[in-house]
Amino acid sequence: MIVGVLAIQGDFEAHAALLAGFGAEPREVRTPADLEGIDGLILPGGESTTMTLGIEREGLAEPLRDLVESGTPTLATCAGLIILDRNHLDVLDLTTRRNAFGRQVRSFETNLELSGLDGGPLRAVFIRAPWVEECGPDVEVLAEVDGHPVAVRDGNVLAVAFHPELTEDGRFHRWLLDAVAMRAEKAPA
Ligand code: GLN
């Protein structure tokens with residue numbers, strides 16, 4: 001199972017380490033050729049402007065969009081969520097507000113109950129996090145903070161405003177690998 005981790009900037013190494021711990025093969029993605037043959041995708045947190053510039057520079061926008069829209073299981077966190085919105089790759093029918101939680105609470109942790117995630121609340125680490133400002137009917141909201149969506153799902157895309165790779169909780173990466181396995185089962189031999 002090869003999972004591409006966008007490695008232009010940001011927190012890609014922590015994601016790769018978690019994936020390897022689950023027995024998957026992480027692959028750092030910097031060019032369109034790196035996307036060849038991957039089964040799943042992670043768009044990590046970082047700085048969304050830098051990541052967007054890198055995506056444009058490397059010609060990654062179109063191939064990334066195609067990959068996600070064709071149903072490749074995708075986990076996006078923080079800046080990754082921003083990159084999928086209407087104003088960036090336009091894969092998810094939503095807009096995000098960057099650094100939404102304001103100066104005083106730029107970074108914080110909270111226990112979050114996610115609908116559909118078994119095993120109780122998770123510890124969510126928010127670092128200069130966005131929230132979802134507005135979203136269309138296909139987007140399922142899984143969790144909110146202060147009335148703002150911070151975890152959403154649309155089919156095989158799971159996007160969260162926080163950083164699951166910074167905690168011991170591997171449930172999101174597990175979800176991604178399970179989605180990859182399920183997709184492989186359904187694919188014609
Ligand atoms: N504030 C960052 C941005 O707007 C996102 C922060 C993060 O990914 N932790 O790009």
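Just so it is clear, the structure is predicted and the values come from calculations on it, not from any experiment. (Residues numbered from 1 in each chain as written. Predicted model: local features only at pLDDT ≥ 70, side-chain atom pairs only at ≥ 80, totals over all residues. Heavy atoms only, no water.)

J.: An account of the overall build of the chain is requested, with residue identities and associated values reported.
T.: Scanning the chain from N- to C-terminus turns up 5 helices and 11 strands. The globule rule puts the C-alpha radius of gyration for 189 residues at 16 Å, and the 15 Å found for the chain is close to it. Principal-axis analysis of the C-alpha atoms gives the chain an extent of 50 × 40 × 30 Å. By the burial criterion, 49% of the 189 residues in the chain qualify as buried. Expressed as a percentage of contacts within the chain between residues at least 6 apart in sequence, the contacts between residues at least 24 apart total 64%. (Helix = DSSP H or I, 4+ residues; strand = E, 2+ residues; numbered from the N terminus. Rg over C-alpha atoms; globule rule 2.2 N^0.38 Å. Buried < 20%, exposed > 50% of the residue type's maximum accessible area, 1.4 Å probe, protein only. Contact = heavy atoms within 4.5 Å.)

J.: Outline the site of the ligand, listing residues and values.
T.: In the vicinity of the ligand, the contacting residues are G45, G46, E47, S48, C78, A79, I82, R98, N99, I127, R128 and H163. Take G46: an N or O atom from its main chain is 2.9 Å from an oxygen atom of the ligand. R128 places a main-chain nitrogen or oxygen 2.8 Å from a nitrogen atom of the ligand. Look at the ligand: alone it shows 300 Å² of surface, and the protein chains cover 94% of it. (Near = heavy atom within 4 Å. Polar contact = N/O pair within 3.5 Å; in protein donor to acceptor, adjacent residues only side chain to side chain. Areas by Shrake-Rupley, 256 points an atom, 1.4 Å probe, with all protein chains shown as cover.)

J.: Can you lay out helix α5 (residues 171–186) for me, pointing to particular residues and giving the numbers?
T.: Taking 1.5 Å per residue, 16 residues should reach 22 Å; α5 reaches 22 Å between its end C-alpha atoms and fits that length. Within α5, the full set of buried residues consists of R171, F172, H173, W175, L176, L177, A179 and V180. (Expected span 1.5 Å × (residues − 1).)

J.: Summarise the sheet that holds strand β11 (residues 157–160); cite the residues concerned and give the values.
T.: Pairing between sheet strands relies on hydrogen bonds along the backbone, with the strands arranged either parallel or antiparallel. Reading across the sheet, the 7 strands line up as β2-β1-β3-β4-β11-β10-β9 and stay open at both edges, with mixed pairing between neighbours. Edge positions in the open sheet fall to β2 (25–29) and β9 (140–145), since each of these has one partner strand only. With strand direction ignored, the average angle separating the axes of adjacent strands in the sheet is 20 degrees. One ladder, built from 4 bridges, connects strand β10 (residues 148–154) with β11; its direction is antiparallel. Its bridge partner being in β11, A151 is matched across the sheet by V160. (Pairing = 2+ DSSP bridges. Axes fitted to C-alpha atoms, helices over the stretch in contact; angles between N-to-C directions.)

J.: Break down the nonpolar core for me, with residues and values.
T.: Counting residues in hydrophobic clusters, the biggest one holds 60 residues, and the most contacted among them are L112, L114, F126, V150, F162 and F172. Setting aside its immediate chain neighbours within four residues, V150 contacts F101, L112, F126, W131, A143, E144, V145, A159, V160, A161 and F162. (Core = buried A, V, L, I, M, F, W, Y, C linked by side-chain atoms within 4.5 Å.)

J.: Break down the pairing of strand β4 (residues 74–77) for me, citing the residues and quoting the values.
T.: Burial along β4 is two-sided: the residues T74 and A76 and L75 and T77 are all buried. As judged from the 3 bridges shared by strand β3 (residues 40–43) and β4, these two strands associate in the parallel manner. Of the residues in β4, the one forming a bridge with L41 is T74. Both β4 and β11 contribute to a ladder of 4 bridges, which runs parallel.

J.: Describe the pattern of salt bridges, and please don't skip the residues or the numbers.
T.: The final tally for this structure, using the stated rule, is 10 salt bridges. With a shortest N-O distance of 3.1 Å, E109 and R123 are connected by a salt bridge. Placement of the pair is E109 in strand β6 (residues 107–112) and R123 in strand β7 (residues 122–127), with a sequence separation of 14 residues. Taken together, the shared-partner salt bridges in this structure form one network comprising R86, D93 and E134. (Salt bridge = Lys/Arg side-chain N within 4 Å of Asp/Glu carboxyl O.)

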